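Architecture at a glance
Listed below, chain by chain, are the residues.
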Amino acid sequence: MAIVLDNITYTYGVGTPFEKTALHGVSLTVENGEFLGIIGHTGSGKSTFVQHLNGLLHPTTGTVTVNGVDISASTEEAKKMRHKVGMVFQYPEHQLFEETIAEDIAFGPKNLGLSADEVDERVREAMKFVGLDYDTYAERSPFHLSGGQMRRVAIAGVVAMDPDFLVLDEPSAGLDPFGREEIFEEIIRLHKEKGITVILVSHNMEDISRMASRLVVLDKGRIVLDGQPMDIFNNHRDALQAVGVDVPPVSVTMEYLREQGLDVSNRVLSVDDAVQAILEGGSHVK
Amino acid sequence: MNEKDIMIEVNHMSHIYSDENGNDVHALNDVSLSIKRGEFVCIIGTNGSGKSTLAKHFNVLLQPSEGYINVCGYDTRDEEHIWDIRQHVGMVFQNPDNQIVAAVVEEDVAFGPENLGIPSAEIRKRVDAALEAVNMTEYREHGPHLLSGGQKQRIAIAGVLAMKPDCIVLDEPTAMLDPKGRREVLETVHKLNKDEGITIVYITHFMEEAVTADRVVVMKNGVKLHDGTPREIFSHVDTLKGLGLDVPVASEIAFKLNEKGYEIGKSIINNEELAVGLKHSKLADQLLDNHNVGAKTISSPTNEDVNAARGEGTH
């Protein structure tokens, strides 16, 4: 099971004066069980890229297959595979629309043609998973919740589709640290407990470095780096800077200390790592 | 302090509304706060802490339920002066796409002054100056929809500037922007504060932005919890973390090392201070006394001397 993008190119407005190629010959395999981070500055092609993962956009040239099925086909099978890729957009709470939380979460599963009992089952399970008590919240309006809770309802709506792959575009934007932590704990649980493959698009390098097992950097519609976050942040700083992407603040701090002649490792992804690196400083041999 | 030096005076102000069950909710609870002319004040707090509600009182989008607030010397309850206050205090919101009304950048910036009935020659002057101040002159004839998020926010700021405000209130202006856009906006706001003396009230979740303010106000559950310089506020790492707020990386590292008994200094808020703190701590010997092959540069000459004396390539 995997999503395979084979040499895809996407051009907006073909044949118009506004014709613009947003992706140039991108090839990438998202392996089952991965936690893939995607970064790139505004206009790098990130959004165009992720919209190919579940067939919201079809490539101008090249193919996208999910579990071996070309998802641009108009077959039942292709449709089924597109449903296997859940998509949580930026500010997903803006897309809530039903009168009650339970109805909002049920919207997707209902469209899958499941029976009422099955839909109810999915809703209960999804709410449990995102930490919203069914009896307390099911009949409430989603619009009276806090920002973080609304976002959890939106994510529950995608989880209720029982996806194999989950694409999240800036899921923590606009949330305070508590809200951010809540959302990420949930995403990590989906990844670990349900084995869902996660594709996380974010500007927040701290979040990416903390969670992603693999990192892809996009620039001008091309993949410019693809590897482990630690390796990319430490060994490709210049390349990152060239494409306008920031390294995590903790990496910046450690690099500054090194420039100041303090012998500390820069192989850190968190504040705790940094404290450890300082305490062990001077003892590591490069 | 002279009364004229005060931009905003909040006096025992509460804002109360009814929830869906008819219960009273205190979005703001007995808040008192005074903001001086020319100050750069950051307001931080978790979602639901009341910081946006507070800010909306500054240009009379909301009225207090209890207490009062004076802005530019006018009591906001005095309806006669609402428009005076709004001319003096401009607002910039989170989503740049919700704040742009025209199809051309300079027309968008001209929208505010046009509504004031200002002569067109004067509007021309104000628009040019405002675009210059946010460094967007070259985009004046562009369509706003083709700009980046950071550029759009700078246009929104220019639109406020064209009203010649004394104070700008920005409610999470960088929340939807990428790192480059965030820097652009923060630099622009600082420039307006420094060069034009405009009072800035800046709401943010980003602590690296808050450390650049003159003063930081911490809100929690509608109450003003702390009010002080960034150094005073961010030295309380455990308190802030307990409130669910971030602290700058350097502060947190220093805090954790202090906790372990390495005296790094209690009020570190940036990387420079962390480096100095480490060099004067018990860890200095260990961290400085090695030939540091991994580092790009070694700035301390004594350190180089030591290494030179020991000979190259000790590892």
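Scroll up for the structure.
The paragraphs below set out a description of the structure included in this document. Just so you know, these numbers come straight off a predicted model, no measurement behind them. (Residues numbered from 1 in each chain as written. Chains lettered and ligands numbered in written order. Predicted model: local features only at pLDDT ≥ 70, side-chain atom pairs only at ≥ 80, totals over all residues.)

Notes on the overall build of chain A
- Looking only at helices and strands, chain A has 12 helices and 10 strands in total.
- A compact globule built from 286 residues would reach a C-alpha radius of gyration of about 19 Å, and chain A, at 21 Å, matches this within 12%.
- Across its three principal axes, chain A shows a C-alpha extent of roughly 65 × 50 × 35 Å.
- Taken across its 286 residues, chain A has 45% of its residues classed as buried.
- Once local pairs closer than 6 in sequence are excluded, the contacts in chain A between residues at least 24 apart make up 62%. (Helix = DSSP H or I, 4+ residues; strand = E, 2+ residues; numbered from the N terminus. Rg over C-alpha atoms; globule rule 2.2 N^0.38 Å. Buried ≥ 20, exposed ≤ 12 C-beta atoms within 10 Å, placed from the backbone. Contact = placed C-beta atoms within 7 Å.)

What about the pairing of strand β1 (residues 2-12) of chain A?
Residues and elements named next belong to chain A.
- Inspection of the sheet shows β1 paired to strand β2 (residues 20-31) by 8 bridges, in the antiparallel sense. Considered in β2, the bridge of I8 is made with V26.
- Note that β1 and strand β4 (residues 61-66) share 5 bridges and pair antiparallel. The residue bridging T9 from the neighbouring strand is T61, located in β4. (Pairing = 2+ DSSP bridges.)

Quick notes on the sheet that holds strand β8 (residues 197-201) of chain A
Residues and elements named next belong to chain A.
- Spatial strand order, β6-β7-β8-β3-β9-β10: 6 strands in an open sheet with mixed pairing. Each edge of the open sheet is held by one strand with a lone partner, namely β6 (85-88) and β10 (222-227). Averaged over all pairs of adjacent strands, the angle between strand axes in this sheet comes to 20°, irrespective of strand direction.
- One ladder, built from 5 bridges, connects strand β9 (residues 214-219) with β10; its direction is antiparallel. (Axes fitted to C-alpha atoms, helices over the stretch in contact; angles between N-to-C directions.)

Points about the environment of I268(B)
All names here are of chain B.
- Topologically, I268 is positioned in the loop between α10 (249-259) and α11 (271-279).
- Looking at I268, the number of C-beta atoms within 10 Å reads 27, which means it is buried.
- Excluding anything up to four places from it in sequence, I268 contacts A250, S251, A254, E273, L274 and G277.

Digging into the nonpolar core
- Ranked by internal contacts, the top residues of the largest apolar core, which has 98 residues, are I43(B), A158(B) and V201(B).
- Residues in contact with V201(B), not counting those within four places in the same chain, are I35(B), V41(B), I43(B), A55(B), F58(B), C167(B) and V169(B).
- In terms of nonpolar packing, the next biggest core, distinct from the first, is built from 67 residues, I3(A), V26(A), V216(A) and F233(A) among them. (Core = buried A, V, L, I, M, F, W, Y, C linked by C-beta atoms within 7 Å.)

Points about helix α3 (residues 105-115) of chain B
- Residues of α3(B) that are buried include every one of V105(B), E106(B), D108(B), V109(B), A110(B), G112(B) and P113(B), and no others.
- On its buried side, α3(B) packs onto α4 (120-133) and α5 (149-161) of chain B.

Observations regarding helix α4 (residues 116-129) of chain A
Residue and element names in this part refer to chain A.
- The end-to-end C-alpha distance of α4 is 20 Å, a good match for the 20 Å that 14 residues give at a rise of 1.5 Å each.
- For α4, the full list of buried residues reads V119, R122, V123, A126 and M127. On an axial view of α4, the arc spanned by its buried residues comes to 125°, and they lie on one face. Exposed side chains of α4 directed beyond 90 degrees from the buried face belong to D117 and K128. (Expected span 1.5 Å × (residues − 1). Arc of directions from axis to C-beta.)

A closer look at unusual backbone geometry
- Within the chain, N67(A) stands out as a residue other than glycine whose phi angle is a positive 50°.
- Summarising the element assignment, N67(A) is placed in the loop between β4 and β5 (69-70).
- Taking the number of C-beta atoms within 10 Å as the measure of exposure, N67(A) has 17 and is therefore partly exposed.
- The phi dihedral of H12(B) falls on the positive side, at around 45°, and the residue is not glycine.
- Assignment of secondary structure puts H12(B) in strand β1 (residues 6-18).

Focus: the interface of chain A and chain B
- Contacts between chain A and chain B engage 36 residues on the former and 45 residues on the latter.
- Of all the elements in the fold, those that place two or more residues in the side of chain A that touches chain B are α6 (147-159), α7 (177-193), α11 (249-259) and α12 (271-279) of chain A.
- Per-element accounting of the side of chain A that touches chain B gives the leading share, 7 residues, to α11(A).
- When the residues that make up the side of chain A that touches chain B are grouped by side-chain class, the tally is 15 nonpolar, 15 polar and 6 charged. (Nonpolar A, V, L, I, M, F, W, Y, C, P; charged D, E, K, R; others polar.)

Here's the deal with the packing of helix α3 (residues 101-111) of chain A against α6(A)
Residue and element names in this part refer to chain A.
- At a minimum axis separation of 7 Å, α3 and α6 run at an interaxial angle of 35°. Seen along the crossing, α3 lies across α6 with a hand that is right-handed. Packed against α3, whose contacting residues are I101, D104, I105, F107 and G108, the element α6 presents V153, A156 and G157 at the interface.
- Its residues assigned to classes, the contact of α3 with α6 shows 5 nonpolar, 2 polar and 1 charged. (Left-handed = near helix turned anticlockwise from the far one by under 90°.)

Brief notes about the sheet that holds strand β3 (residues 40-44) of chain B
Residue and element names in this part refer to chain B.
- Across the sheet, which stays open at both edges, the 6 strands sit in the order β6-β7-β8-β3-β9-β10 with mixed pairing between neighbours. Only two strands of the sheet have a single partner each, and these edge strands are β6 (89-92) and β10 (223-228). Neighbouring strand axes in the sheet, compared pairwise and without regard to direction, differ in orientation by 20° on average.
- Against the sheet, helix α1 (residues 51-58) contacts β3, β6, β7 (167-171), β8 (199-203) and β9 (215-220), and its axis sits at roughly 155° relative to β8.
- The sheet strands contacting helix α6 (residues 179-195) are β3, β7 and β8, and the helix crosses β8 at an angle near 155°.

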